[in-house]
Amino acid sequence: MSNSILHSTVSQLSKQLRAGELTSTQIVEAFLDRIKRSDPSIHAFLSTAGDRALEKAKQFDQSRSTNSAAPLAGIPIAVKDVLCTEELPTTCASKMLEKFQSPYNAGVVEKLNQAGMIMLGKTNMDEFAMGGSTENSAFGLTRNPWDLNRTPGGSSGGSAACLAAAQAPMSIGTDTGGSIRQPAAFCGVSGLKPTYGRVSRYGLVAFASSLDQVGPMGHTVEDLALLLQVIAGHDHRDSTSIPSDVPDYSAELNAGCKGLRIGVVRDHLESEGLDDDIRKSITQAIDVYRQAGATIVDVTLPNTKHSIATYYIIAPSEASSNLSRYSAAHYGHRANPNKNLAKDTSALIDMYCRSRSEGFGSEVKRRIMLGTYTLSAGYYDAYYLKALKVRRLIRQDYDKAFETADVILGPTTPTTAFKLGEKSSDPVQMYLVDLFTVGANLAGTPALSIPCGKSSGGLPIGIQLQAPPLAEATLLRAGHAYQQLTQYQPEWPTL
């Protein structure tokens, strides 16, 4: 029974749970046992709930009503360790917050609890979500279950790897420049970055506040729709939260793709750095949609060629501002002072400097320094202000493209999962992995990555679908249609 639980979608588990064929305790036990057996080689988790999760499962089984229980009640989930939780530490994979225990739950975590979901644990990530390979974690890297010598992607690498390793049926990630979609593509799972403001950022430890967004990760688009239904909605504690009604995301899933206008950016398909296997998969996906009655149209996003440069000015600038709070004065890592801080100002400054030097990793320091430089006097107008203007042009490109297309289809990543250590010595090459994903963050639009076969080397390939703001229902409809048309079945590697 354990293997059938581990290799089931959330939709399947929910149906069996409601029918009384499974108990929440059986499901949670199966995943906790899987984590115990497989995580030493994967390292997807930084902390696990263990007995606390089992206790919640038992409470659910004792009190549940098969007729009234919420769709995801009793279902376990993994949460990226950048969201505040009362039950487990919130470290952001950084020594700076190694011992931090949040006094409150993030808005998304509250919604998961209200829906009756059971947190299995907190997943590994690049420190403060800064990275594309989960090699920047202060507590050890995460490995891709499809090939343990390769990265699972980042920064939500742990949230993707735990799904591929059958350690959790679904997870929560965050996406600042592709950090849900890129690891989803590398690990052969599905991931959605919602419209900026669609999901509460309250309790999300900020990297770049105008770009960060919380989103669902799972094995199928149907599972993503169920989880998005739980976490979406207005939160008055988040000033960027959109006060808009949340539609029934599952209602339109089976509408098919007949009549949908699928936009294709030919420049992306002809990109010099795009792997041939990925180009072939995208071309085949276009044919699938065309044969099913969708209209294929060419669209252009001319300013997306500037998206990487724009992103790596805006994001580090916001990071520099957000991370200035970690001064060791109130919380976070504090270096041992050499002198009496109360009487010696130089000793206080020395403590600040040494605490930040010891607490932050190299990638975080790199981005803080870059952001501080671009915000400094004499450079603000030349860099940050100009980047904001280009960001507006990128958003206008998307708005124009969506006048003729309902959804834009293209690659999620230029390559499949690369080897661990392959790009760590060259930050620019690492940044280019986000080539096709950062545009949606800069524009604030929703984007989805779903599995699209394997490369000649047996590694997962992901395709990306993008839609206008608040058009998640259309996006999910298009993604589900593709999975139905191709008779998609989730796969798990042998570990």
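Up top you'll find the structure we're talking about.
Now for a look at the structure at hand.

Now for the overall build of the chain. Regarding its fold elements, the chain presents 17 helices and eleven strands. Relative to the 2.2 N^0.38 estimate, which gives 23 Å for 495 residues, the radius of gyration of the chain is 22 Å and therefore close to what a compact globule would have. When its C-alpha atoms are laid out on the principal axes, the chain stretches across 70 × 55 × 45 Å. Evaluated residue by residue, the chain yields a buried proportion of 59% over its 495 residues. When contacts within the chain are restricted to residue pairs at least 6 apart in sequence, long-range pairs at least 24 apart make up 76% of them. Counting only carbon and sulfur atoms, one obtains 48% of the accessible surface of the chain, whose full area is about 19000 Å².

For the rest of this paragraph, the subject is the environment of Gly157. For Gly157, the position within the fold is in helix H6 (residues 157-164). Sequence separation between Gly157 and Arg181 is 24 residues, and the spatial gap between their C-alpha atoms is 10 Å. Beyond its immediate stretch of four places on either side in the chain, Gly157 contacts Asn124, Thr134, Thr142, Pro152 and Pro183.

What follows deals with the pairing of strand S7 (residues 261-264). Sheet topology note: the S7/strand S8 (residues 295-298) ladder contains four bridges and is parallel. When the sheet's bridge partners are listed, Ile262 is paired in S8 with Ile296. Note: S7 against strand S9 (residues 407-411), three bridges, orientation parallel. In the strand pairing of S9, Ile262 is matched with Val407.

What follows deals with the packing of aromatic side chains. Scanning the entire structure with this criterion turns up 15 aromatic pairs. Considering the side-chain rings of Tyr326 and Tyr331, the 5.8 Å spacing of their centres and the 85° angle between planes classify their relative orientation as edge-to-face. On the accessibility criterion, Tyr326 (4% relative accessible area) is buried. The class of Tyr331 is partly exposed, set by a relative accessible area of 34%. Seen from their ring centres, Tyr379 and Tyr383 are 6.3 Å apart, and the 35° between their planes marks the pair as tilted. For Tyr383, a relative accessible area of 33% gives the class partly exposed. Through successive ring pairs, a cluster of aromatic residues spans Phe100, Phe128, Tyr326, Tyr331 and Phe360. Sitting over the ring of Phe418, Lys423 keeps its end group 5.3 Å from the ring centre.

Next up on the list: the packing of helix H13 (residues 362-375) against helix H14 (residues 380-401). At a minimum axis distance of 7 Å, the contact between H13 and H14 shows a crossing angle of 105°. If you check the angle between H13 and H14, you find them roughly perpendicular. Touching Tyr373, Thr374 and Leu375 of H13 are Tyr380, Tyr383 and Tyr384, all from H14. Of the residues in the contact of H13 with H14, the class split is five nonpolar, one polar and no charged.

On to the pattern of salt bridges. Opposite charge on two side chains permits them to pair, given that their charged atoms come into close proximity. The full count for this structure, using the stated rule, is 16 salt bridges. Here Glu110 and Arg237 are joined by a salt bridge, their closest N and O atoms 2.7 Å apart. One end of the pair, Glu110, is in helix H5 (residues 107-114); the other, Arg237, is in the loop between helix H8 (221-231) and S7, and 127 residues separate them in sequence. For the salt bridge of Arg279 with Asp276, the shortest nitrogen-to-oxygen distance reads 2.8 Å. Of this pair, Arg279 and Asp276 both sit in helix H10 (residues 276-291), three residues apart, which is roughly one turn of that helix.

This next bit is on unusual backbone geometry. For the bond from Gly154 to Ser155, the omega torsion is 5°, close enough to zero to count as cis. Considering the arrangement of structural elements, one finds Ser155 in the loop between strand S3 (118-123) and H6. Backbone geometry at Ala93 places phi at a positive 55°, although glycine is not the residue there. Tracing the chain through its elements places Ala93 in the loop between strand S2 (76-80) and H5. Assessed through its relative accessible area of 0%, Ala93 is described here as buried. At Thr134, a residue that is not glycine, the phi angle is positive and equals roughly 55°. Within the secondary structure, Thr134 is located in the loop between S3 and H6. The class for Thr134 is buried, based on a relative accessible area of 0%.

A surface patch of nonpolar side chains, about 270 Å² in accessible area, is lined by Tyr373, Tyr379 and Tyr383. With respect to the helices, strands and loops of the structure, Tyr383 is situated in helix H14.

Before going further, it helps to examine the layout of surface pockets. Gaps between atoms show up when a probe of the same size as a water molecule is rolled over them. Of the voids in this model, the largest pocket is the one considered here, and its volume is about 290 Å³. In terms of lining residues, the largest pocket is bounded by 16 residues, among which Thr9, Thr220, Glu222, Tyr488 and Gln489 are the most central. Listed by contribution, the elements that provide at least two residues to the lining of the largest pocket are helix H2 (10-18) and helix H17 (472-485). Residue composition of the lining of the largest pocket, grouped by class: three nonpolar, eleven polar and two charged. Volume-wise, the second largest pocket comes out at about 240 Å³. Lining the second largest pocket are 15 residues, with Cys84, Tyr104, Val205, Arg325 and Tyr326 sitting closest to its centre. A class-by-class count of the residues in the lining of the second largest pocket yields ten nonpolar, three polar and two charged.

Under the criterion given, the structure shown has five cavities of 30 Å³ or more. Taken as a whole, the largest cavity spans an internal volume of roughly 80 Å³. Secondary structure elements with two or more residues in the lining of the largest cavity: helix H11 (307-322) and helix H15 (427-431). Considering only residue class, the lining of the largest cavity consists of six nonpolar, six polar and two charged. When its volume is computed, the second largest cavity comes out at roughly 50 Å³. Lining the second largest cavity we find His268, Leu301, Thr304, Ser307, Tyr398, Leu435, Phe436, Gly439 and Gln466. Of the residues contributing to the lining of the second largest cavity, the split by class is four nonpolar, five polar and no charged.

About the thresholds
- Residues numbered from 1 in each chain as written.
- Predicted model: local features only at pLDDT ≥ 70, side-chain atom pairs only at ≥ 80, totals over all residues.
- Heavy atoms only, no water.
- Helix = DSSP H or I, 4+ residues; strand = E, 2+ residues; numbered from the N terminus.
- Rg over C-alpha atoms; globule rule 2.2 N^0.38 Å.
- Buried < 20%, exposed > 50% of the residue type's maximum accessible area, 1.4 Å probe, protein only.
- Contact = heavy atoms within 4.5 Å.
- Areas by Shrake-Rupley, 256 points an atom, 1.4 Å probe, with all protein chains shown as cover.
- Pairing = 2+ DSSP bridges.
- Phe/Tyr/Trp six-rings, centres within 6.5 Å; stacked < 30°, edge-to-face > 60°.
- Lys NZ or Arg CZ within 6 Å of the ring centre and 35° of its normal.
- Axes fitted to C-alpha atoms, helices over the stretch in contact; angles between N-to-C directions.
- Parallel < 35°, antiparallel > 145°, perpendicular 65-115°, else oblique.
- Nonpolar A, V, L, I, M, F, W, Y, C, P; charged D, E, K, R; others polar.
- Salt bridge = Lys/Arg side-chain N within 4 Å of Asp/Glu carboxyl O.
- Patch = residues over 30% accessible without salt bridge, like charges linked within 9 Å, V, L, I, M, F, W, Y side chains within 5 Å.
- 1 Å grid on protein atoms, 1.4 Å probe; cavity = no way out; pocket = protein on both sides within 12 Å on 5 of 7 lines; lining within 4 Å.
- Points joined across faces, edges and corners; volume = space filled by probe spheres on them.

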